[in-house]
Amino acid sequence: MNNQKYILGHLAGIVHTGIYCMQEKQLVSYEEHSEYNPICHSGTLRCTLADRAEVQKEPVIIRDEFHMFYSCVKWENTYYMMGPFSTQVLPFLRY
């Protein structure tokens, strides 16, 4: 588990976005400032990602109304979630 914590924490820093693990409704963040991340705040977003990942083998990628992308993959009994990713330059941050 320490290797996983190191790798996911380092990856979150490299890609500058949140990485989360959810197992049995427990959410673990590997992001430095998770208080600003929609995955951390929105149970609806987490449930949507987990529900879609449950029924397929490939990673799930969804886009919200602000053109932000979120992804999720299920491995064993754990959901790994990443996001947000932007495909556009935003003029300001939206919270």
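Just so we're clear, the structure is a prediction, and the values are computed from it rather than from any experiment.

Break down the pairing of strand β2 (residues 26-29) for me, with residues and values.
In summary, the side chains of a regular strand alternate between the two faces of the sheet. As judged from the four bridges shared by strand β1 (residues 18-23) and β2, these two strands associate in the antiparallel manner. Following the sheet pairing, Tyr-20 is matched in β2 by Ser-29.

Got a sec to walk through the sheet that holds strand β5 (residues 78-86)? Specific residues and values, please.
Taken in spatial order, the five strands of this open sheet run β2-β1-β5-β4-β3, and their pairing is antiparallel. The sheet is open, and its two edges are formed by β2 and β3 (60-63), each paired on a single side. Each strand axis lies, on average, 20 degrees off the axis of its neighbour in the sheet, ignoring direction. As paired strands, β1 and β5 are joined by five bridges and run antiparallel to one another. Directly across from Cys-21, in β5, lies its bridge partner Tyr-80. Strand contacts of helix α1 (residues 2-15): β1 and β5, with the helix running at about 145 degrees to β1, the strand carrying the most contacts. Across the sheet, helix α3 (residues 43-54) lies against β1, β2, β3, β4 (68-75) and β5, angled at about 50 degrees from β4, the strand it touches most.

Could you give an account of the state of the cysteines, naming the residues involved and the relevant values?
Within this structure, the stated rule accounts for zero disulfides. As a non-bridged cysteine, Cys-21 has Cys-72 as the owner of its nearest cysteine sulfur, 9.9 Å distant.

Talk me through the pairing of β5; I want residue IDs and the actual numbers.
By the bridge criterion, seven bridges tie β4 to β5 in an arrangement that is antiparallel. Bridged to Cys-72 within β5 is Met-81. What sits between the antiparallel neighbours β4 and β5 is a turn of two residues, in which Glu-76 has the positive phi angle 55 degrees.

Could you give an account of α3, with specific residues and numbers?
When the terminal C-alpha atoms of α3 are compared, their 16 Å separation across twelve residues agrees well with the 16 Å that a helix rising 1.5 Å per residue should span. Among the residues of α3, Leu-45, Arg-46, Leu-49, Ala-50 and Ala-53 are the ones counted as buried. For α3, the angular spread of the buried residues around the axis is 125 degrees, confining them to a single face. Along α3, the residues that are exposed and aim more than 90 degrees away from the buried face are Thr-44 and Asp-51. Those residues of α3 that are buried are in contact with β1, β2, α2 (38-41), β3, β4 and β5.

Reading the values: the criteria
Residue positions within a chain follow its written sequence, with the count starting from 1. Only residues with pLDDT of at least 70 are given local features in this predicted model, and only at 80 or more are side-chain atom pairs given and counted; all residues enter the totals for whole chains, interfaces and linings. Calculation of side-chain values draws on the structure's entire complement of heavy atoms; hydrogens and water are dropped beforehand. Strand pairing is defined by DSSP finding a minimum of two bridges between the two strands. Secondary structure follows DSSP: runs of H or I at least 4 residues long count as helices, runs of E at least 2 residues long count as strands, and numbering of each begins at the N terminus. Whenever a helix is involved, its axis is fitted only over the stretch in contact; in every case the axis is a line through C-alpha atoms, and angles between N-to-C directions fall within 0 to 180 degrees. The contact criterion used is simple: two residues touch if any of their non-hydrogen atoms lie within 4.5 Å. Criterion for a disulfide: a pair of cysteine sulfur atoms within 2.5 Å. Helices are assigned an expected span. That span is 1.5 Å times one less than the residue count. Only protein chains enter the accessibility calculation, which uses a 1.4 Å probe. A residue is then buried if its area is under 20% of the maximum for its type, exposed if over 50%, and partly exposed in between. This arc is taken over the directions from the axis of the helix to the C-beta atoms.

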